[in-house]
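One letter stands for each residue in the lines below.
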Amino acid sequence: MSNATLKELSAQLAAKACSSVELAQDFINKINVLNKDLGCYVTVDAERTLAQAQAADARRAAGDAGVLTGVPLAHKDIFCAKGWRTTCGSKMLANFVAPYDAHVVERCDAAGMVTLGKTNMDEFAMGSSNETSFFGPVRNPWDRDRVPGGSSGGSAAAVAARLAPAATGTDTGGSIRQPAALTGICGLKPTYGLVSRYGMIAFASSLDQAGPMARTAEDLGLLLNVMAGHDTRDSTSLERPAEDYNRDLAKPLKGLRVGLPKEFFAAGMTADVQKTIEAAIAEYRKLGATVVDISLPNMGLSVPVYYVLAPAEASSNLSRFDGVRYGHRAAEYTDLLDMYKRSRGEGFGAEVKRRILIGTYVLSHGYYDAYYIRAQKLRRLIAQDFAAAFKQCDVIMGPTSPTTAFKLGEKSSDPVQMYLSDIYTIAVNLAGLPGMSIPCGLDGSGLPVGLQIIGNYFDEARMLNVAHQYQLATDWHQRAPQGAA
Amino acid sequence: MQWEVVIGLETHAQLSTVSKIFSGAPTAFGAEPNTQACGVDIALPGVLPVLNTGAVERAIRFGLAVGATINSPSIFARKNYFYPDLPKGYQISQYERPIVEGGTLTIQVGDAAKTVRLTRAHLEEDAGKSLHEDFHGHTGIDLNRAGTPLLEIVSEPDMRSAEEAVAYAKALHALVRWIDVCDGNMQEGSFRCDANVSVRPVGAKELGTRREIKNLNSFRFLQQAIEYEVRWQINELEDGRAIQQATVLFDPDSGETRMMRTKEDAHDYRYFPDPDLLPLEVTVERLEAVRAAMPPLPQARQEKFCHEYGLTPYDAGLLTASRELADYFESVVAGADAKTGKLCANWINGALSARLNEEGLEIAQSRVSATQLRGMVDRIADGTISGKIAKDIFDAIWAGEGDADAIIAAKGLKQISDSGEIEKIVDQVLAANAQQVADFRAGKEKAFNSLVGQVMKASRGKANPQQVNDILRRKLAS
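Residues numbered from 1 in each chain as written. Chains lettered and ligands numbered in written order. Predicted model: local features only at pLDDT ≥ 70, side-chain atom pairs only at ≥ 80, totals over all residues. Heavy atoms only, no water.

Counting secondary structure elements, chain A contains 16 helices and 11 strands. What you see for chain A is a C-alpha radius of gyration of 21 Å, in line with the 23 Å of a compact globule of 485 residues. In terms of principal-axis extent, the alpha carbons of chain A reach across some 65 × 55 × 45 Å. Sorting the 485 residues of chain A into buried and exposed places 64% on the buried side. Taking the intrachain contacts of chain A between residues at least 6 apart in sequence as the baseline, contacts between residues at least 24 apart amount to 76%. (Helix = DSSP H or I, 4+ residues; strand = E, 2+ residues; numbered from the N terminus. Rg over C-alpha atoms; globule rule 2.2 N^0.38 Å. Buried < 20%, exposed > 50% of the residue type's maximum accessible area, 1.4 Å probe, protein only. Contact = heavy atoms within 4.5 Å.)

Rendered as structure tokens:
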């Protein structure tokens, strides 16, 4: 059962082939066996999970079930969920129990979905390997000496290891797409503003966006249908009519214009990744797509721009973690300033501190214009590049990550190398565009490679169509790490 | 050396919305600590601010009232600093692009009117309170006030004395109440001023170094603090010491200002646009809707009062101290001619104001209703009673003895205007005061007043004073 997709589980529950409680119990059993090695979940609470499953079964019995009622999922530990410990991967919040639900959690609950637990993540979503978590690294189910990517590494590994059929994630610079690529699953970062940020612990507010992670494009659409929607509690949430993101899945791809940015293929990715991506493009040609060479001239600036803007916002967003009202407070301190210093010094890990320092620096008097203002200007140029590109093509394709999963510890002492693993994903966040990653092959070591598909604003339905047609023609999305299925 | 004083004020007016500027929690004053702070106010992880449109509307109303530019868009920015009563570690304010820019306020100092320029007015949230008492060496935090909407109104350094600063603060206070954007309650901190004070030699072009006196929550303290500060700065300069830019606090007990921090300790607030809030657009339609709903402003009503009832600008100014008072005057004066209008104004600005002041009441609590006051004024105008008798009648109405007509009838206070009757009294008085008559005829004008007094006394104040005058003059001349 745990190898089934959301769609299949939905059908099984509808057919009463199994109950939601049975399903939840099945996953709990598996989590109990595998999680201590993989570290996907930081919090599981079987009692809560089973109570939710029971309620879902009751709802179904009462004839009140929706498509995903009774279907389990995992939430990234960045989402506040009432009564659940919500840590954001940090010592700072190691004992924080959320008193309210994030909009995303609220919507999943309202759909009758069952929460299996809270998944591990890089601390405050800052990282690309899941190694910055206070709760220890997540191991990649394909090779346990390797990282699952980050920051939604726990969600990605849980889905890849079949410890959850789907999970929520968040993506500030690639944190859904890159771990999806490195664990051989699908992940979608929607257009900025499509999913409410209410209750999602902020990293960089103008870039953060929640999205679904699952094993098929169709499942992403099912979950996005639940997650997306206007929320008055988030001023950046967009007021748009509800849509079925899976409405165009069956459309043939004939005439689809696929843009290939020359900057993506210039250098940087490994030969294996390049070969695999090229094979995927060839498959799209077979499906009737035409390929257009495009250029995103300011693409090379996206990493430096991102590492000014994201830390700037983060340095301010993380100020509320001061040990005064909740969260970690140092046991001993001499005065107020000392309390702040010790509480934050002890509560935050090295990567978080690094970004707070960078952010504080770029916002400081005398540096603001040179860094923050310039980065904002460049951000607009990057967005304009995409706008120009989308006049020539319908979707943009390229690699999600320059490499497949790297070894634990391989990049953790070199932050710049780590930052470069998001080189293909960051520009999408800066522009606020939707982007996704789907598995498209394996490298020489048998590790999954992700194909990135970037759409125009609000083009999620088309992107899912493009991904789904590929998944009808290929079976890369059905490959599972050994011992998972 | 002659010194010129230069003062600019920054005023925090708490906007009178029911809920906070970025959350739905109530703003009511005086609740148990931390009972009016929701997740947004205490800055739980993951919460987001949502702008209260009522606060925006009030800011626009203020901007229109002072003839300012309403910026669209205006931008919310984060002012970053750590303090326990600042839950997010930043205050949401407006920095580079405030909603209100420019504008002027006219103040009255003595007989002279003066126009003070405004720099800007911006929306921001208040912080909570740190409580240092009753916690045995610890500090308590009350976040009820956190997120309360404020309009910070910044003036240009246009005031030249403590009197002008107070006149400005009073005019501003009257205006924000007039247009219903702030309740003006200074004890509760709804209206508080910071004063930037400097001095320079008369004739100098450059401003002197300023010191900022924080958090003055009464007009009296504002006056005292500025006066002390000015004396202190002049002393320093005359003793050859330079003024250091600083923030100071006023201690009402000692009447002195004392240093809080110097410029060197100033924070780097790292302002940047708040990514959680979109730029605030004010459409022309919205602006016009607010404009259409604006009450007539004090200036307009003053002009109307002067024009229709021949009041002096001074009297009209007093009557427009608040909208309630102006409304009261208008109900009293309804349908009256200029002469009666002037009488109404005099009675309101005179006896009624004095009485309200004495008893610490607002105009809404006046025990003489508009109808009652007009009833009395009409009896003065038609000669039924004299102004002097009217004083007693006013007191009687205040004491709840009924309307003027009833009191006049009950107490027999109707003025004697029958000249025969007055002549009789005059004759009696002249006969009984031969000495004063002789004095008057010897050229002592004072004796005349004494004779008038005798006549009025004999008539128990009811004789028409003008007639008494005329008859007495005639009889003494013969």
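Let us look at the nonpolar core. F124(A), Y284(A), F386(A), M397(A) and I453(A) are the most contacted members of the largest nonpolar core, which has 154 residues in total. Residue contributions to this core peak at nine residues, all from helix α10 (residues 302-317) of chain A. Contacts of F386(A), omitting those with residues within four sequence positions, involve L296(A), I396(A), A427(A), V428(A), A431(A), L433(A) and I454(A). Among the nonpolar cores identified, the runner-up in size contains 106 residues, and I21(B), A55(B), I179(B) and Y309(B) belong to it. (Core = buried A, V, L, I, M, F, W, Y, C linked by side-chain atoms within 4.5 Å.)

Facing 28 residues of chain B, the contacting portion of chain A comprises 38 residues. Of the roughly 2,700 Å² buried at the junction of chain B and chain A (both faces included), carbon and sulfur atoms supply 58%. The interface formed by chain B and chain A contains 17 residue pairs in polar contact (both at pLDDT 80 or more). Secondary structure elements with two or more residues in the side of chain B that touches chain A: β3 (76-80) and β15 (272-273) of chain B. A breakdown of the residues in the side of chain B that touches chain A according to their chemical character gives 20 nonpolar, three polar and five charged. (Buried area = accessible area lost by both parts, 1.4 Å probe. Polar contact = N/O pair within 3.5 Å; in protein donor to acceptor, adjacent residues only side chain to side chain. Nonpolar A, V, L, I, M, F, W, Y, C, P; charged D, E, K, R; others polar.)

Turning our eyes to something else, we now look at helix α15 (residues 465-477) of chain B. Residues and elements named next belong to chain B. Relative to the 18 Å expected for 13 residues at 1.5 Å per residue, α15 spans 18 Å between its end C-alpha atoms, a close match to the ideal helical length. For α15, the complete set of buried residues consists of V468, I471, L472, K475 and L476. Projection of α15 onto a plane perpendicular to its axis shows the buried side chains occupying an angular sector of 125°, all on one side. When the buried face of α15 is taken as reference, the exposed residues oriented beyond 90 degrees from it are Q466 and A477. N-cap assignment for α15: the residue whose side-chain oxygen lies 2.9 Å from the backbone N of Q466 is N464. (Expected span 1.5 Å × (residues − 1). Arc of directions from axis to C-beta.)

This part takes up the sheet that holds β15(B). With antiparallel pairing, the three strands of this open sheet are ordered in space as β4-β3-β15 (chain B). The sheet terminates laterally at β4 (90-94) and β15 of chain B, the two strands that pair on one side only. Sheet analysis places β3(B) next to β15(B), joined by two bridges and oriented antiparallel. Within the sheet, the bridge partner assigned to A77(B) lies in β15(B) and is P273(B). Across the sheet, α10(A) is in contact with β3, β4 and β15 of chain B; its angle to β3(B) comes to roughly 65°. (Pairing = 2+ DSSP bridges. Axes fitted to C-alpha atoms, helices over the stretch in contact; angles between N-to-C directions.)

Function cannot be read off these values alone, since they describe shape.
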